[in-house]
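Coordinates in review
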Amino acid sequence: MLASSTVENYLKAIYAGVARLGHGQRLLPMGQLAAAVGVTPGTATTMVKTLAESGLVEYEPYAGVALTAAGQKLAALVLRRHRLIELFLVRVMGYSWDEVHDEAELLEHAVTDRLIDRIDEMLGRPETDPHGDPIPNAEGLVKPQDAQTLLSCPLETPVTVTRVIDQDKEFLRFIEQHHLKPGEAIAVEARDAAADSVRVRGKNDQRITIGTRAASKLLVQVAQVLLLCLLALPAFAQTEPARREAPRTNLSGYMDFHFNNEEFTDARLDFHRFVLLVTHSFSPRIRFVGELELEHAFVEGLEEGGELELEQAYVDFLLDRSFNVRAGMMLMPIGIINERHEPPVFYGVERPFIDTVIIPTTWFDVGAGVHGEVGRGWRYRAYVVAPLNAADFNADIGLRDGRQKGSESNVGRPAVTGRLEYVGVRGLTLGASGWSGRSGFEFRPRFDVPVSLVESDARYSRRGYEFRGQFAQVWVDNAGVLNDTLALRVGVNPNIGSALRGFSLEGSRRFFSGSRLGEVGGFVRYENFDTQYRMPSGYVPLQEFDRDAWVVGANYWPDPDVAIKVDYSIVRNQSSVISAPNSFNVGLGWWF
């Protein structure tokens, strides 16, 4: 578990960042959060995922983060401590307002709630700190402020400065020198968009011209009598038109580098994958997400030397917290790993067997659908997508080769998929996924091969411990007809099962968490996976495909964005003739 001060700093930064978002925006972009806490976007994302599993934030990949009710209250109480300490240092200890922020940053994590309540009582239950920032009460509630910036308040109208939203020492000294502190009476005389400036008349008719960036950091309030007049006579209120937020483009990515020493074969070094992700926000309500993956280091014609894939390329239309629309190339929302497969976020060098043999990770295709969050802690995703191609199923790895991958995908009979998650309990994530579609479109004469998949999973983390469990089962209807047809086509009966099943259980613990030398975690995982769990009438299962595995290993994170992994896999099957190979694996993965 990371130090509580780190958690509190992240929550405080999210709280403040969300408060500054424009109208209609709910999620704080990860780039903005990373800049606020002084880390890379990858590090911020790693921490946010931990906070999401603890029930303190709501995280949407490639979109951003918001606080849950529990996270918002905790963040507000941290701000309460910070702002009361600032006011105490100014009023009682004689500090100047430009030097209290750093002191409060240190003290806010050390003082008790009892001491803060005594300070609050001694200061007379103040509502704002020296900079005009509102002070939450003991319940974490904040009295709303009705304020405007110098860019939007009415011209030639007396206003009172109520808040300065910048803690930079030089800026605060500038504000104090020119009598623009909270409580000062001023008026905006003119705004010059071409010169990017605002002219302000202050104390003793002193005039000063400041830039629009500085003007945006000064909040003011119109006198109540004047405000009523202005509301009654809107024609006299001169304000700047709303500015459209500039588009933003962010680049991120990850990679896997593996050493695999499998029984009965020579050891291999493989630069398994290099992935680049691009996100672009056209506006607060429209964004693009793209992911391009190069596997095994190179691509050579039609050879098996490598693979270049477009794994994601979709546009999100963000309409409301509870209902949004997505269309393009998308990851199927199935299981734990398919949507969360960056190397530093899971244990083990290779992805779990159940997520490669039963659930065909990485599983993506073209489609469209909806997603959102409803109630307290419920998230959903539901898509109409291209179906699988049953002509490419096989007995060893099940559905995996049947992915169409958006390459002129046949959608004559589209499939449906979806996922429901519950994250309303701190540290707990419960999920259920499904997929259903007809996959026999390639055969002539055509016959149906309906495929259905159900999956459930659970994750719980607390005090450095984490537990994961997952179950998945697949049904392939008309598997007997499918086998007969493919046997005629290729000359060998593929012996595809009518049902595939797998489950896994994993326990892990992080040691030395928060250390300057990094973090170390150990894990053990048991998996059972059978691609011939049930066979069509007249077919006999091959015992070599009824497998289980014990995987034990460790991760070392010298940085939250870098993981060095080692594990040993003990794999067994039910065959007395064909042995399943054990393997020793070492990996290096990072993301940014």
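Provided above is the structure to which this section pertains.
An account of the accompanying structure is given in this report. In this numbering scheme, every chain counts its residues from 1 along its sequence in written order. Totals for whole chains, interfaces and linings use every residue, but because this is a predicted model, local features are given only for residues with pLDDT of at least 70 and side-chain atom pairs only at 80 or more, for both listing and counting. Think of the side-chain values as coming from all heavy atoms in the structure, minus any hydrogens and water.

A few words on the nonpolar core. One finds Trp435 and Leu482 to be the most contacted residues of the largest nonpolar core, which totals 36 residues. Think of a nonpolar core as a cluster: buried Ala, Val, Leu, Ile, Met, Phe, Trp, Tyr and Cys residues, connected wherever their side-chain atoms sit within 4.5 Å. The buried label applies to any residue whose accessible area, calculated with a 1.4 Å probe on protein chains only, is under 20% of its type's maximum; exposed applies above 50%, and partly exposed to all values in between. Counting 24 residues, the second largest nonpolar core, distinct from the first, contains Tyr10, Leu28, Ala44 and Val48.

Closest axis-to-axis distance for the helix 4 (residues 69-91)/helix 6 (residues 113-122) pair is 10 Å, and the angle between their directions is 50°. What the angle tells us is that helix 4 and helix 6 run oblique. Here the hand of the crossing between helix 4 and helix 6 comes out left-handed. Facing helix 4, whose interface residues are Arg80, Arg81, Leu84, Ile85 and Phe88, helix 6 presents Asp113, Ile116, Asp117, Ile119, Asp120 and Met122. Amino acids outside the nonpolar list (Ala, Val, Leu, Ile, Met, Phe, Trp, Tyr, Cys, Pro) and the charged list (Asp, Glu, Lys, Arg) are all regarded as polar, and Gly is one of them. Looking at the contact of helix 4 with helix 6 residue by residue, the classes come out as six nonpolar, no polar and five charged. Simply put, an axis is a line fit to the C-alpha atoms, just over the touching stretch for a helix, and the angle between two N-to-C directions goes from 0 to 180 degrees. Secondary structure counts use DSSP, requiring at least four H or I residues in a row for a helix and at least two E residues in a row for a strand, with both numbered from the N terminus. Here roughly perpendicular refers to angles of 65 to 115 degrees, roughly parallel to angles under 35, roughly antiparallel to angles over 145, and oblique to all remaining angles. Take the far helix as your reference; a near helix turned counterclockwise from it by less than a right angle gives a left-handed crossing, and one turned clockwise gives a right-handed crossing. Any two residues having at least one pair of non-hydrogen atoms within 4.5 Å are treated as being in contact.

As a further point, take unusual backbone geometry. Glycine aside, residues mostly have negative phi angles, and peptide bonds mostly take the trans form. Cis peptide bonds are those with omega within 30 degrees of zero, and the linkage from Thr361 to Thr362 qualifies with -5°. Here the amide bond leading from Arg444 into Pro445 is cis, since omega sits at 0°, within 30 degrees of zero. Topologically, Pro445 is positioned in the loop between strand 17 (428-438) and strand 18 (450-462). The backbone of Glu408 shows a phi angle near 50°, a positive value even though the residue is not glycine. Inspection of the secondary structure assignment puts Glu408 in the loop between strand 15 (378-385) and strand 16 (415-422). Judged by its relative accessible area of 80%, Glu408 is exposed. The residue Asn495 is not glycine, and still its phi comes out positive at about 55°.

Further remarks concern the environment of Glu455. Positionally, Glu455 belongs in strand 18. For the pair Glu455 and Gln473, spaced 18 residues apart in sequence, the C-alpha separation works out to 6.6 Å. Identification of polar contacts relies on pairs of N or O atoms within 3.5 Å, with a donor-acceptor requirement for protein atoms, meaning one able to donate a hydrogen and the other able to accept it, and with residues adjacent in sequence counted only if both atoms are side-chain atoms. Here Gln470 takes part through its side chain, which lies 3.3 Å from a polar atom of the side chain of Glu455.

The next thing to look at is a nonpolar patch on the surface. Taken together, the side chains of Leu251, Phe257, Leu269, Phe271, Phe274, Leu276, Val278 and Phe592 make up a nonpolar region of the molecular surface, amounting to roughly 670 Å² of accessible area. Taken together, the elements giving at least two residues each to the nonpolar patch come down to strand 9 (248-262) and strand 10 (268-283). Considering each element in turn, the nonpolar patch owes the most residues, five residues, to strand 10. Along the chain, Leu269 turns up in strand 10. Judged by relative accessible area, which is 62%, Leu269 ranks as exposed. Exposure above 30% relative accessible area and the absence of a salt bridge qualify a residue for a patch, where like charges join within 9 Å and nonpolar side chains (Val, Leu, Ile, Met, Phe, Trp, Tyr) within 5 Å. All accessible-area figures derive from a Shrake-Rupley calculation using a 1.4 Å probe, and residue coverage is judged against the displayed protein chains alone. When a carboxyl oxygen of Asp or Glu lies within 4 Å of a side-chain nitrogen of Lys or Arg, that pair is called a salt bridge.

Our next topic: the packing of helix 2 (residues 30-37) against helix 3 (residues 41-53). The contact between helix 2 and helix 3 brings their axes to 8 Å, and the two run at 100°. As the angle between them shows, helix 2 and helix 3 are arranged roughly perpendicular. From helix 2, Met30, Leu33 and Ala34 reach across to helix 3, where they touch Pro41, Ala44, Thr45 and Val48. Classifying every residue of the contact of helix 2 with helix 3 by side-chain character gives six nonpolar, one polar and no charged.

Let us now look at the sheet that holds strand 8 (residues 218-222). Only when DSSP finds a minimum of two bridges between them are two strands counted as paired. The antiparallel open sheet is built from six strands, whose spatial order is 3-8-4-5-6-7. A strand with exactly one partner marks an edge of an open sheet, and here the two such strands are strand 3 (148-149) and strand 7 (207-211). As defined by bridge partners, strand 4 (residues 159-164) adjoins strand 5 (residues 185-192) across two bridges and the pair is classed as antiparallel. Bridge pairing in strand 5 links Thr160 to Ala185.

With that out of the way, let us pick up empty space enclosed by the protein. To find leftover empty space, a probe the size of one water molecule is rolled over the atoms. Grid points spaced at 1 Å over the protein atoms alone were grouped into cavities, where a 1.4 Å probe fits but cannot get out, and pockets, open sets with protein on both sides within 12 Å along at least five of seven lines, with lining residues defined by an atom within 4 Å of a point. Grid points are joined across faces, edges and corners, and a volume is the space filled by probe spheres set on the points. What the rule picks out here adds up to six cavities of 30 Å³ or more. Approximately 520 Å³ is the volume found for the largest cavity. Surrounding the largest cavity, 27 residues form its lining, Tyr59, Pro61, Glu339, Arg381 and Glu421 being those nearest its centre. Elements that contribute at least two residues to the lining of the largest cavity include exactly helix 3, strand 1 (57-60), strand 12 (307-320), strand 13 (323-331), strand 14 (364-374), strand 15 and strand 16. Ranked by residues supplied to the lining of the largest cavity, first place goes to strand 15 with four residues. Tallied by class, the residues present in the lining of the largest cavity amount to 11 nonpolar, five polar and 11 charged. Space inside the second largest cavity adds up to approximately 100 Å³. Pro352, Arg468, Gln470, Ser504 and Glu506 are the residues nearest the centre of the second largest cavity, which is lined by 13 residues in total. Those elements that provide at least two residues to the lining of the second largest cavity are strand 19 (465-476) and strand 20 (499-515). Split into classes, the residues belonging to the lining of the second largest cavity amount to six nonpolar, three polar and four charged.

On to the pattern of salt bridges, then. Enumeration over the complete set of coordinates arrives at 44 salt bridges. The partner of Asp316 in a salt bridge is Arg287, with the nearest N and O atoms 2.5 Å apart. With Asp316 in strand 12 and Arg287 in strand 11 (residues 286-295), the pair connects residues that are 29 residues apart, well separated along the chain. Like Arg287, Asp316 is buried.

Let us look at the side chain of Ser433. Inspection of the secondary structure puts Ser433 in strand 17. When its relative accessible area of 7% is taken as the criterion, Ser433 is described as buried. A polar contact of 3.4 Å, which involves the side chain of Ser433, links it to the backbone nitrogen of Gly335. Only 2.7 Å separates the side chain of Ser433 from the side chain of Arg419, close enough to count as a polar contact. Beyond its immediate sequence surroundings of up to four residues, Ser433 is in contact with Pro333, Ile334, Gly335, Gly418, Arg419, Leu453, Val454 and Glu455.

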